[in-house]
Structures are given as C-alpha cells and as structure tokens.
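So the chains spell out like this:
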Amino acid sequence: MLIKKIAHLLISSIVLVSSLFTACKKSSDTVAADSFAKAMVVHADVNAPAIDFFIDGAKINKDSIVYGAYTPYTDVKITPNTKTQFKIGLTKLGTFLYSDSTTLTENTGITYYVVLDTLSKTPIVLVTSDDLSAPTAGNAKFRFIHLVSDAITYGFDVELVKPGGAVTPDASNNTFSNLRFKIPQTNFALKPVGSYDVLVKSSGTTNILARIPNITLAEGKIYTLVARGFIGKTNGFGATLVNNN
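These lines cover the structure that appears in this document, whether it is placed above or below. (Residues numbered from 1 in each chain as written. Predicted model: local features only at pLDDT ≥ 70, side-chain atom pairs only at ≥ 80, totals over all residues. Heavy atoms only, no water.)

1. A word on the environment of Y70
As for its position among the elements, Y70 is in the loop between β3 (58-59) and β4 (74-77). Y70 sits in the partly exposed class, given a relative accessible area of 25%. Along the sequence, Y70 and T111 sit 41 residues apart, while their C-alpha atoms lie 9.9 Å from each other. Look past the residues within four positions of Y70 in its chain and what remains in contact with it is M40, V41, V42, I65, T240, L241, V242 and N243. Of the polar contacts made by the side chain of Y70, one reaches the backbone nitrogen of N243; its length is 3.1 Å. (Helix = DSSP H or I, 4+ residues; strand = E, 2+ residues; numbered from the N terminus. Buried < 20%, exposed > 50% of the residue type's maximum accessible area, 1.4 Å probe, protein only. Contact = heavy atoms within 4.5 Å. Polar contact = N/O pair within 3.5 Å; in protein donor to acceptor, adjacent residues only side chain to side chain.)

The following block contains the structure:
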C-alpha cells in the first residue's frame, strides 16, 4: 500500500514538473509583435527634377515623384537599437540630395519635404515628426506648412472660410498665425468636418496672397496642407493636400 502511494506521488510530481516546463517553454517561445513607424516624402521644390525615396537601401516609390506629388506613408519596421536609413535621390542624375539615419518611434510618422531654398538656390529637406493620434469625434486634424520659396522673409496667417463667395478676412478667425518659411507647424488644429477655402494672408494683415479652394476635411482624418512654389509669379503658387492617415 505504501509503495502504491509513493508511486502515485512520484507520478504526480513528474506530471506537475512536466506541465511547468511546458508552460515555461511556451512563455519563452512567445515572439513579441513587430512594431512599426510610418514615413513619406513630399516633393515641394518647383525647380527640382523628379525624385526617389529609399528606406534602408530599398526604393519605395514605383514611379518617380514629381513636383507637387507625395508618397503615401510606408510602414517601417522598427528594429530595437538600430537606426533606419532614409535617402532621397534625384531620379535622372542617380545621385542623392539627402541622407540620414533616424531612430524611429512606434505608431508615429516622419515626413521629408523637398523644398527650394532661394538663398542657396538648391533643394533642401525639411523633416517633420507627425502625431498620428486620432482626432475627436466630428473633427479632422489639420496642419499648414509654408514652403513658398519667394516668401522666405515673411510669415503667413491662415484662415479657413466657407467655400466660394466674397470674404472679409478676420484675424480673430485665423487657424494659424505668422507661419514662417520651412518652420513646421508641429501641432495639428482640430477642425469640424466639411469643405473650406483656405485663405493665405500676409501675416498681421488682411492682404490675401492666395486662396486655396474647396479643401474637404473628413471625420477622423489627418491632413497637412503644403503651400509651395512662388507667390509673386503667374501660376507659380501651388498647394498639396497630404493625407496623413
């Protein structure tokens, strides 16, 4: 009888140890989920040729990126303790105009803007970190970046108005004030969903430099409106509405 009890205890102990070993093995074999950031490039240099975007040596765009165009966000896998290399190349010349290595943060975006610096007469790159957290219900998130190359010495005020018709600019309704050339507006503004005309004014005045018509903001979406080109030239001013999500 005693022998049977001892045998039973031994069998029970073996089963318990085996179960614990299996549980520990399963726990140690669990693979952590991959984490990702997002990256894109916007071509806003009116004088630059088409460009290509490379992440860790791999070209992201299928077709060359021309002035006024941008790539959608690309998911970039984050490797712990490793920087990601980004390069922007000139398609026809086969040379790079920009290269950097960056430590990425999960669930955030990074955007590279190619812009003409009229002082150096060469394309330069502005980099922004993009907050991709969702807007509150009934709203979109909206940001404006001033990359107009013949307006580098003064700022822009930005007002959103109902589409069409005459308007009387009102500084109290400015969404952004005194935005400077190549200095990113880091914060997105919350705007009710709907369609707007965007008035670009010389900072501190009611002088409308440009009116960008019929910008539609959808619920839950995030947008960056990029002003580019030249204010002082016929048909020189342009704008790109970037969808950030």
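2. Things to note about the side chain of T175
Turning to its location among the elements, T175 is positioned in strand β11 (residues 174-179). Among the polar contacts made by the side chain of T175, one reaches the side chain of K191 at a distance of 3.5 Å.

3. Quick notes on the pattern of salt bridges
The final tally for this structure, using the stated rule, is 6 salt bridges. A salt bridge links R143 to D130, with the nearest nitrogen and oxygen atoms 3.0 Å apart. On the criterion of sequence distance, the pair formed by R143 in strand β9 (residues 139-148) and D130 in strand β8 (residues 122-130) is long-range, its members being 13 residues apart. On the basis of relative accessible area, R143 is assigned to the buried category, the value being 1%. Taking the shortest distance from any N to any O, the salt bridge between D197 and R211 comes out at 2.8 Å. Separated by 14 residues along the polypeptide, D197 in strand β13 (residues 194-202) and R211 in strand β14 (residues 208-217) bring together distant segments of the chain. We classify D197 as buried; its relative accessible area is 3%. (Salt bridge = Lys/Arg side-chain N within 4 Å of Asp/Glu carboxyl O.)

4. Re the sheet that holds β9
The strands making up a sheet associate through backbone hydrogen bonding, with each pair oriented either parallel or antiparallel. Read across the open sheet, the 4 strands follow the order β12-β9-β15-β16; overall the sheet is mixed. Pairing within the sheet leaves two strands with one partner each, and these edge strands are β12 (189-192) and β16 (237-243). For this sheet the average axis-to-axis angle between neighbouring strands, irrespective of direction, equals 30°. In terms of strand pairing, strand β15 (residues 222-229) meets β16 through 7 bridges, oriented antiparallel. Note that in β16 the partner of T224 across the bridge is V242. (Pairing = 2+ DSSP bridges. Axes fitted to C-alpha atoms, helices over the stretch in contact; angles between N-to-C directions.)

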